[in-house]
Amino acid sequence: MERGSQFRPKILGFLCNWCAYGGADLCGVSRYQYPPYLRVVRVMCSGRVDMGFVLRAFQNGMDGVFVGGCWPGECHYITEGNYDALAMMHLTKKLLREIGINPERMRLAWVSASEGVRFAEIMNEFSAKVRELGPLGKGEGLDPQTLAVRLEAAAKLVPYIRLVERERLRPPVRTEEAYNEFFTGEEADRIFKELVVSRLVENEVMLLLRKGPRSAGDICGALGLTISEALGYVNPLVRDGLVRYDVEHNRFALA
Ligand code: FES
């Protein structure tokens, strides 16, 4: 595996124009050192960073994604976009965990424009963490095809997850503690698993079958499921007429 001194991770950073970007700029002009792995996208607020952006970054070969925003209470917009970023971070980490990607490949941090040292420290820590995790996919023991199918299935689910978030995943108050407590709590986990996970696996099955007919064993191997789990997801797709079972070749295919 490409770890240790050989591996130079690719990290994409979405930095809020008003704070983290200023912190990164101050870090640069002050000549504080951090590894040269970061590529920066400047956004007007961390709340602008959608889950789809993070997944697309991973689909395009990034090994880590960083989001930098203003400290809670200091967002420059009345919508307090940094709380949206915090919710997005929690949900994205849940999704990454479900598709077998280490959620530590994503990090959200608050950095003000005067915190150049803090920016360098965070980037040093995060770069070391991503290097330790290894290249995306290889570090998780996923082959490139499985990684691509899982990321695409997750990306297709983003609009639906936004809907679930709006309807069912609303923390009671806008404080960082309340958000962290809510999104790491049992109720949010239960709702996420109940409403999101089965759709995610169905998407993965459909994407896999789009590449050609597969036996139940192939589906298990590609998606890391047991036979009964795989059939539990495939049979409803057969019932709904989206997938057909080819008896002669003992394979499932798109209808
Ligand atoms: Fe910086 Fe909203 S303006 S996080």
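Whatever comes next refers back to the structure up there.
## What to know about the packing of helix α1 (residues 20-29) against helix α4 (residues 116-133)
The contact between α1 and α4 brings their axes to 7 Å, and the two run at 90 degrees. Of the possible angle classes, the one that applies to α1 and α4 is roughly perpendicular. Note on element contacts: α4 touches α1 through Gly116, Phe119 and Ala120, opposite Ala20, Gly23, Ala24, Leu26 and Cys27. Classifying every residue of the contact of α1 with α4 gives six nonpolar, two polar and no charged.

## Considerations on the packing of aromatic side chains
All chains considered together, the criterion is met by eight aromatic pairs. Between the aromatic rings of Phe14 and Phe53, the centroid separation amounts to 6.0 Å while the plane-to-plane angle is 35 degrees, which identifies the pairing as tilted. Note that Phe14 is positioned in strand β1 (residues 11-16) and Phe53 in helix α2 (residues 51-59), a separation of 39 residues in sequence. According to the relative accessible area criterion, Phe53 is partly exposed, its value standing at 23%. Measuring from centroid to centroid gives 6.3 Å for Phe66 and Phe119, while their planes differ by 80 degrees, and the two rings are edge-to-face. Of this pair, Phe66 sits in strand β3 (residues 64-69) while Phe119 is found in helix α4, placing the two residues 53 residues apart along the sequence. Judged by its relative accessible area of 0%, Phe119 falls in the buried class. The rings of Tyr34, Phe66, Phe119 and Phe126 are connected pair by pair, giving a single aromatic cluster. The side chain of Arg42 reaches across the aromatic face of Tyr21, ending 4.1 Å from its centre. Stacked on the ring of Tyr160, the Lys or Arg Arg199 has its end atom at 4.1 Å from the ring centre.

## Topic: the pattern of salt bridges
This model, assessed by the stated rule, comprises 13 salt bridges. In this structure, the salt-bridge partner of Asp84 is Arg174, at a minimum N-O distance of 3.3 Å. A residue pair is termed long-range when its members are at least 10 positions apart, and Asp84 in helix α3 (residues 81-98) and Arg174 in the loop between α6 (158-168) and α7 (176-183) qualify at 90 residues. Taken together, the shared-partner salt bridges connect Glu104, Lys129 and Glu132 into one network.

## Brief notes about the sheet that holds β3
The strand order across the open sheet formed by four strands is β2-β1-β3-β4, and the pairing between neighbours is parallel. Of all the strands in the sheet, the pair left with one neighbour each is β2 (38-43) and β4 (106-110). Ignoring strand direction, the axes of neighbouring strands in this sheet form an average angle of 20 degrees. Pairing of β3 with β4, which is carried by five bridges, proceeds in the parallel orientation. Residue pairing across strands places Gly68 opposite Ala109, the latter belonging to β4.

## Some remarks on helix α10 (residues 227-239)
Taking 1.5 Å per residue as the helical rise, α10 with its 13 residues ought to reach 18 Å, and the 18 Å between its terminal C-alpha atoms agrees with that figure. If you check which residues of α10 are buried, you get Ala230, Val234 and Leu237. Here the buried face of α10 lies against α8 (186-210), α9 (216-223), β5 (243-246) and β6 (251-254). Remark: Gly241 follows α10 within two positions and exhibits a positive phi of approximately 80 degrees.

Cut-offs and rules
Residues numbered from 1 in each chain as written. Predicted model: local features only at pLDDT ≥ 70, side-chain atom pairs only at ≥ 80, totals over all residues. Heavy atoms only, no water. Axes fitted to C-alpha atoms, helices over the stretch in contact; angles between N-to-C directions. Helix = DSSP H or I, 4+ residues; strand = E, 2+ residues; numbered from the N terminus. Parallel < 35°, antiparallel > 145°, perpendicular 65-115°, else oblique. Contact = heavy atoms within 4.5 Å. Nonpolar A, V, L, I, M, F, W, Y, C, P; charged D, E, K, R; others polar. Phe/Tyr/Trp six-rings, centres within 6.5 Å; stacked < 30°, edge-to-face > 60°. Buried < 20%, exposed > 50% of the residue type's maximum accessible area, 1.4 Å probe, protein only. Lys NZ or Arg CZ within 6 Å of the ring centre and 35° of its normal. Salt bridge = Lys/Arg side-chain N within 4 Å of Asp/Glu carboxyl O. Pairing = 2+ DSSP bridges. Expected span 1.5 Å × (residues − 1).

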